[in-house]
Structures are given as C-alpha cells and as structure tokens.
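Residue-level listing of the chains:
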Amino acid sequence: MNRSYLAKSVARILALVTVCLMISGTAMAQESQEGKQKLFLDGARLWPVYCSQCHNARPGSEFSPAQWDLIMMHMRTQSNMPAKDARAIKEYLKGGLE
Amino acid sequence: MASTKAGVLATIALVAVVLGMVTVTAAPGALAEDAEAQAKALKQVERELRQLRADRARDRKLIENLERKLDEVQTLNHQVRTTNEQLQTTTQRLQASNQQLQTKTDQELKQIQAQVAEVPSQQQLAKALSGYWGTHQFTLAGGAAGDFIYDHKLNQNTFSVDFEPIILYRPNDWLAFEGTLEASFDPGSGASFDSPVDTAQIFLNDYMEAVVGIFDQPFGDFYEDQGPFWVNRFITAPLPFGAAALVPPTDIGMQLRGGVQWGQLGQDGDYTLWVANGPSYDSSLPEPVVGQELNSNTNIGSNTNGRAYGARFRVYPFPLDSTLGRLELGASTYNGKWQNGLWLYTWGVDFAYHRGNLQTRGEFLSAYRQMPTGGPDNRQGWYLQAGYFLTGLRLPFLSRDLNSYLSRLEPLVRYSGVNQRAVVTDEIATNPSFGFSGSPSIYAPHAREVALGLDYWIAPSIVWQTEFDLELPRAGGTTYTFNGASTPTVGSVGATPNDRAILTQLAIGF
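Each chain carries its own residue numbering, running from 1 in the direction its sequence is written. All chains are assigned letters beginning with A, and all ligands numbers beginning with 1, in the order in which they are written. For this predicted model, a pLDDT threshold of at least 70 governs which residues receive local features, and a threshold of 80 or more governs which side-chain atom pairs are given and counted, while totals over whole chains, interfaces and linings are taken from all residues.

**Some points on the overall build of chain B**
Stage number 1. Counting from the N terminus, the helices are the DSSP runs of H or I reaching at least four residues and the strands are the DSSP runs of E reaching at least two. Scanning chain B from N- to C-terminus turns up 4 helices and 19 strands.
Stage number 2. In terms of C-alpha radius of gyration, chain B reaches 58 Å, well past the compact-globule figure of 24 Å for 510 residues.
Stage number 3. Taking the principal axes of its C-alpha atoms as reference, chain B extends roughly 200 × 55 × 55 Å.
Stage number 4. Residue pairs are scored as contacts if the distance between their C-beta atoms, which are placed from the backbone, is within 7 Å. Look at the contacts in chain B between residues 6 or more apart in sequence, and 61% of them connect residues 24 or more apart. For a compact globule the rule gives 2.2 Å times the number of residues to the power 0.38, and the radius of gyration it is set against comes from C-alpha atoms.

Next comes the structure, spelled out in structure tokens:
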C-alpha cells in the first residue's frame, strides 16, 4: 500500500512538472533599446526597496555583469520577486551593459 | 674827366712824398723796436710750434687708439655676424625639425584617434567577455563570521567561527544550481561540515520556477531570507527558529514558486508550494516524547513513508510610489507525517515593514504534533524585532568623524518566545557555539528572550554585531529525562533562573 501511495505521489509530481513545462513560455521578445532604458530606470527604483526587504542593497560595482546574471537568478528564487522586476534590477546592477 | 684823373694822380703822388719823408725821419728808432718785436714773435711762434707738435703727437695716439678700437669693433662685428649666421642656420634646422615632429605627431595622433575609435564600447566589451568566458558560469557567494560568546550563567566564554560559501552555477538562462557548504568548529577539536542547501532551479516561465534538492524551509521568512550571518540583524536566531525550532530548518523535496505584480509597481504577490520528505524528531531518543527536538536537517525520509506538504503566500499591498513604506504580509503552512500515521501540522503568519531607516519584522507560528500516546505536542512560537539605522543623524556637539561613525550604527531590539509543555533534559545544550550562547535557559518549557543589539555597518555586507541577551523564562513545565534508559523519567521544572549573555560577531557577506 505504501508503495502504491509513493508511486501515486511521484506520478502526481511528474504530471505537475510536465504540465508546467508544457505551459511555460521560453521565448523572450528581443527588448528594444527603449525597453532596456525603461528596465534600467525601473531597476534603479526597485533595487533599494526590494533588496532592503531582507538585507542592505549591494551596489552593482561589487560583482561583474556575468556574476550578476547568476546572483539575480539566485535572488529571484529567494525572494519570489516577479521575473520582470528581477530583470529590471539585474539591468540596473549591470549598469546597462547587457 | 681828364682833369679828374689828373687830380687823383697828383693826390697819390703827394701822399707818397709825405710818407717817404716821414719814413726817412723815423727810421733809426723804429728798427730797434722792430727787432725786439720780431724776437718776441719768434718765441711765440716757437711756443706755438711746440704746442702744435704736442697736439699732433696726442692726436696721433688718439687716432692709433681709435684705429685699434675700430679693429676690435670690426673683429667683434665679424664674430657677431658669424654667430648670427650660425644661429640662423640652427634656427632653420630647428624649424625644419619642428615641422617634421609636428607632422609626425599629427600622424600619430590620427592613428591613436583611429585606434580609439576602433575600441569596442562597454556593451561590446561585455558581450565579448561573455563570449570569452562561455555560457557556463560559476561564482562564489556566501558569508563568513567570527564570534566571541560570553554566557553569565555558565561562566563560559569562547571564540567561534563559521564559514558558509555558496557555489552558484548557471549553464543557461533557465537553469541554475546552488550549493551551500558550511564549516563550523566543535568544542574541543575537529570541525563539522554540512551542506544545508543544494538545489537545482528551473525557471519554467515568468511566473513559475521549480526547485529540486535540499532547501531552506520556505515556511515563514526566517529560514529562507534571514539565515545568512550578515543578513540576520542579530547574531542568534529568534527562539522559534533557533534553539526551540517548531519547523524543520531544511527539507529535501521539490518546490514550485513564483511571483506576479498584481497592481502598480511594487504591488506583488508570490507563492511557494512544496512537497518534501517531511519532519523527523531527535532519533537518538528511545521513544518519542512531548517537547522532543526536531532534527535540524531532514534528510532521507527513512522514518516515514509519508511526505510533507507546504504552502506559503505573500503579498505586498503598497505600491512603490506610495509614501507608505514597504509592507510584506505572509502566511505559511507545513504538514507532514513525522511517523507512520502521525502528523505534524503547522501554520504561521508573518510580516515585515520597512520605511526609511526603520525596519521591523515579526512572525507567529503554531505546531500541532500527534503523539503515539497521550495528548498532542502543541507548541507556539513568535518573535518581533525592530531596528533603526542612524543614517543621517548628526549631533552638533560631536565632531564630523564621530558623527560618521554614529551614522553607521543600527540599534535593535527583539522579543521572542516559545511555549511547549515539556522539555527533554538530555537535549539541553550548554556548549556555546556559533550563534548560540550556551544558555540552558533557552530550553525552558516557556522560554522568553529579550535581545538587544547594536550593529555597526562597515559596508553593505560587512557588519560588526553585538548582542546582549536576557533569558527570562515565563513558566516551568514537565521534564523528560532518559539518561540512557529506554523510558523517560518524568519530572517537573519551574521557571529556569534567568541568564544573561553577550555575543559579538564580525560577519562578512561575499
């Protein structure tokens, strides 16, 4: 009985993951220059507020643009912040060097 | 007319006769005087002649001097002319050389300007570097800290150190891995190593992410967001997330999580749903009892075939542009079998509020654990903390330097407590360790703690923290003591005597 329960649980999880993968949209529209500027400005506004929610906001100069790519993935997970806000903060921290 | 001429001639002849007569009459005396006069004149002439000779000799010398000087001037003039010609020649050469240099400089300047114009922009450089390093990226984050701990009741003091690097790996835009290593040092000798977080993060879309692995329990705010040394404003964890945990700090399983902006910028909501191996309790005890500690890491689910299920929702009601500050409201639940057929049910609510230099946060959580025999193991825990950055504070009677130091301070206060019916005396730890004072008062059935803190921020992620803890247990309860036996001895304990402890720590986030 325990085995069947475990099998059902695993099956449910796999089904859920499959559905999520199916509905996921991976295509990202190429952002225009104006769009990037807006992202940068939004990031400048969001950065001190969102980061300070848990810790002091760290300046973009502390890490390289490539490192910010990684760290912002990590921070998006930690904070559950909306993806577009994570992109804006990343754009700001990278100094528009994307 | 003829008579006139004759008259004139007659007059002349008359005068001549008269003069002849006079001359003949005066001749002897006149001759003598004339000779004397001639002698004087002669002398005069001789004097003048000598004078003339002397003048001529002087003039000759003068002329000779002038001629010599003229020669010198002519020689000098010649030299000047020669020098002038040489200077003119040199000047012409210099002008020619200068012209060549100018031409060469202009050419080099043009070359440099052309080279500068060819240098890639910052964007191009970033892209080139990105291509150079490749799409697979590693980086190291994390933290390290050194402590000094003094506990009054146990009269113990010790240094302590902890090191927690986080390895981040990103193969592409939608996949990342995180591994946290922890090294801490035990009493006596040796060190202990742990890996409390190892996850893969799969970004499915803008609204959903899957996390698989061993992760900080997404229950409440503390485990996930306040754990790192330099993030937690205090050195110790609040009681319900520290010494008397109500929910396992980590779990192995899978999460689905994401966030969305539901209103204006800053008005967000997020969710985390997870399934994990579930809770387990101190497996060193021969039998389960009320008040038994949770295992800090919930590893392979060997003691239950059930899973734990959790959900957490969070909302930020205020838009970014409002002047109301940043408010976070959250609710969590975590439920799982800790033993076959026996469940642990937990729920909690939390908040955080930031406005200007003020930051506050608090959580309340409740646990209901089904026991094999007897009544349930009910526990409640809470904490409330506040801090205020002194940034911008300027005291006129202090110097500029002292005001600069003052503005880096953040005074803090935290009140936390846990209620549970019993404690297991075998589990009471008295050894100070990283983030723990060693005070047995923390393990009281109704523990209460007031923590006063003072943080000095050296940099945004470097802080020197000092914490003063007052342990003030509210009431006693039941004690279970195994002491090697298979069944516990049941006793009772009053409110454990108060204790005081001081901890100071230098924490660095990197």
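**Here we look at the overall build of chain A**
Stage number 1. Counting its secondary structure elements, chain A contains 4 helices and 0 strands.
Stage number 2. Counting from the amino terminus, helix and strand elements in chain A follow one another as α-α-α-α.
Stage number 3. Here chain A holds 98 residues, and the buried ones make up 34% of them. For the exposure call, what matters is how many other C-beta atoms sit within 10 Å of a residue's own: 20 or more marks it buried, 12 or fewer exposed, and in between partly exposed, using C-beta atoms placed from the backbone.

**Here we look at helix H3 (residues 65-79) of chain A**
Residue and element names in this part refer to chain A.
Stage number 1. Here the expected length of a helix is defined as 1.5 Å per residue gap, with one fewer gap than residues. The terminal C-alpha atoms of H3 lie 20 Å apart, and with 15 residues this matches the ideal 21 Å at 1.5 Å per residue to within 8%.
Stage number 2. H3 sits mainly inside the fold: 12 of its 15 residues count as buried.
Stage number 3. Taken as a whole, H3 has its buried residues at Pro-65, Ala-66, Trp-68, Asp-69, Leu-70, Ile-71, Met-72, Met-73, Met-75, Arg-76, Thr-77 and Ser-79.
Stage number 4. Among the residues trailing H3, Asn-80 stands out with phi positive, at a value near 60°.

**Brief notes about the sheet that holds strand S17 (residues 477-481) of chain B**
Residue and element names in this part refer to chain B.
Stage number 1. Taken in spatial order, the 3 strands of this open sheet run S14-S17-S18, and their pairing is mixed. Each end of this open sheet is capped by a strand with a single partner; those strands are strand S14 (422-424) and strand S18 (489-493). In this sheet, neighbouring strand axes are inclined to one another by 30° on average, regardless of whether the strands run parallel or antiparallel.
Stage number 2. Two strands qualify as a pair provided DSSP detects at least 2 bridges between them. As paired strands, S14 and S17 are joined by 3 bridges and run parallel to one another. For Ala-422, the partnering residue across the bridge sits in S17 and is Thr-478. Only the stretch in contact is used when a helix axis is fitted, and all axes are lines through C-alpha atoms; the angle between N-to-C directions ranges over 0 to 180 degrees.

**Topic: the confidence of the model for chain B**
Stage number 1. Predictor confidence is given residue by residue as pLDDT, running from a minimum of 0 to a maximum of 100. Of the residues in chain B, 93% have a pLDDT of 70 or more, and the chain-wide mean is 90.
Stage number 2. Predicted complex, confidence summary: ipTM 0.73, pTM 0.75.

**Let's talk about the domain arrangement of chain B**
Stage number 1. In terms of domain boundaries, chain B breaks down into domain 1 (33-119) and domain 2 (144-163 + 203-509).
Stage number 2. For the domains described, the bounds stem from an automatic or database domain assignment. Averaged C-alpha coordinates put domain 1 of chain B and domain 2 of chain B at centres separated by 103 Å.

**Some details on the packing of helix H2 (residues 33-52) of chain A against helix H4 (residues 83-93) of chain A**
Residues and elements named next belong to chain A.
Stage number 1. Taken N-terminus to C-terminus, the directions of H2 and H4 make an angle of 95°; their axes are 6 Å apart at the nearest point. If you check the angle between H2 and H4, you find them roughly perpendicular. Note on element contacts: H4 touches H2 through Asp-85, Arg-87, Ala-88, Ile-89, Glu-91, Tyr-92 and Leu-93, opposite Lys-36, Leu-39, Phe-40, Asp-42, Gly-43, Ala-44, Leu-46, Trp-47 and Tyr-50.
Stage number 2. Along the lines of polarity and charge, the residues of the contact of H2 with H4 split into 10 nonpolar, 1 polar and 5 charged. Here the word oblique covers every angle except those under 35 degrees (roughly parallel), over 145 (roughly antiparallel) and from 65 to 115 (roughly perpendicular). Under the convention adopted here, Pro, Cys and the residues Ala, Val, Leu, Ile, Met, Phe, Trp and Tyr are nonpolar, Asp, Glu, Lys and Arg are charged, and Gly plus all remaining residues are polar.

**Things to note about the environment of Asn-155 of chain B**
Stage number 1. Considering the arrangement of structural elements, one finds Asn-155 of chain B in the loop between strand S1 (137-151) and strand S2 (156-172).
Stage number 2. Considering only alpha carbons, one finds Asn-155 of chain B and Leu-181 of chain B, 26 residues apart in sequence, at a separation of 32 Å.

**Some details on H4 of chain A**
Residue and element names in this part refer to chain A.
Stage number 1. Buried residues dominate H4, accounting for 9 of its 11 residues.
Stage number 2. Burial in H4 covers these residues: Asp-85, Ala-86, Arg-87, Ala-88, Ile-89, Lys-90, Glu-91, Tyr-92 and Leu-93.
Stage number 3. Looking at the packing, one finds that the buried side of H4 touches H2 and H3.
Stage number 4. Looking one or two residues past H4, Gly-95 carries a phi angle of roughly 70°, positive in sign.

**Here we look at the interface of chain B and chain A**
Stage number 1. At the junction of the two partners, chain B supplies 49 residues and chain A supplies 38 residues.
Stage number 2. Examining the composition of the side of chain B that touches chain A, we find that 7 residues originate from one element, strand S6 (residues 250-261) of chain B, more than from any other.
Stage number 3. Residue composition of the side of chain B that touches chain A, by class: 20 nonpolar, 16 polar and 13 charged.

**Quick notes on the pairing of S1 of chain B**
Residue and element names in this part refer to chain B.
Stage number 1. Bridge count between S1 and S2: 15 bridges; the pairing is antiparallel. The residue bridging Tyr-150 from the neighbouring strand is Asn-157, located in S2.
Stage number 2. Counting the residues that bridge the hairpin from S1 to S2 gives 4 residues, and of these Asn-155 lies at a positive phi of roughly 50°.
Stage number 3. Bridging between S1 and strand S19 (residues 499-509) involves 9 bridges; their strand directions are antiparallel. Bridged to Ala-145 within S19 is Ala-507.

**Some points on the environment of Ser-407 of chain B**
Residue and element names in this part refer to chain B.
Stage number 1. Note that Ser-407 resides in the loop between helix H4 (400-406) and strand S13 (409-420).
Stage number 2. Residues Ser-407 and Asp-499, spaced 92 residues apart in sequence, show a C-alpha to C-alpha distance of 32 Å.
Stage number 3. Sequence-distant contacts of Ser-407, defined by excluding residues within four places in its chain, comprise Leu-390, Thr-391, Gly-392 and Leu-393.

**Things to note about the environment of Leu-76 of chain B**
Stage number 1. Of note, Leu-76 of chain B is situated in helix H1 (residues 2-118).
Stage number 2. Between the C-alpha atom of Leu-76 of chain B and that of Ala-41 of chain B, which follows or precedes it by 35 residues, the distance is 51 Å.

**Concerning the packing of H3 of chain A against H4 of chain A**
All names here are of chain A.
Stage number 1. Running from N to C, H3 and H4 point in directions that differ by 150°, and their axes come no closer than 10 Å. Taken together, the axis directions place H3 and H4 in an arrangement best described as roughly antiparallel. Regarding H3 and H4, the two cross each other, and that crossing is right-handed. Here Trp-68, Met-72 and Arg-76 of H3 come into contact with H4, specifically with Ala-83, Ala-86, Ile-89, Lys-90 and Leu-93. Crossing chirality is assigned from the near helix's rotation relative to the far helix, an anticlockwise turn below a right angle marking it left-handed and a clockwise turn marking it right-handed.

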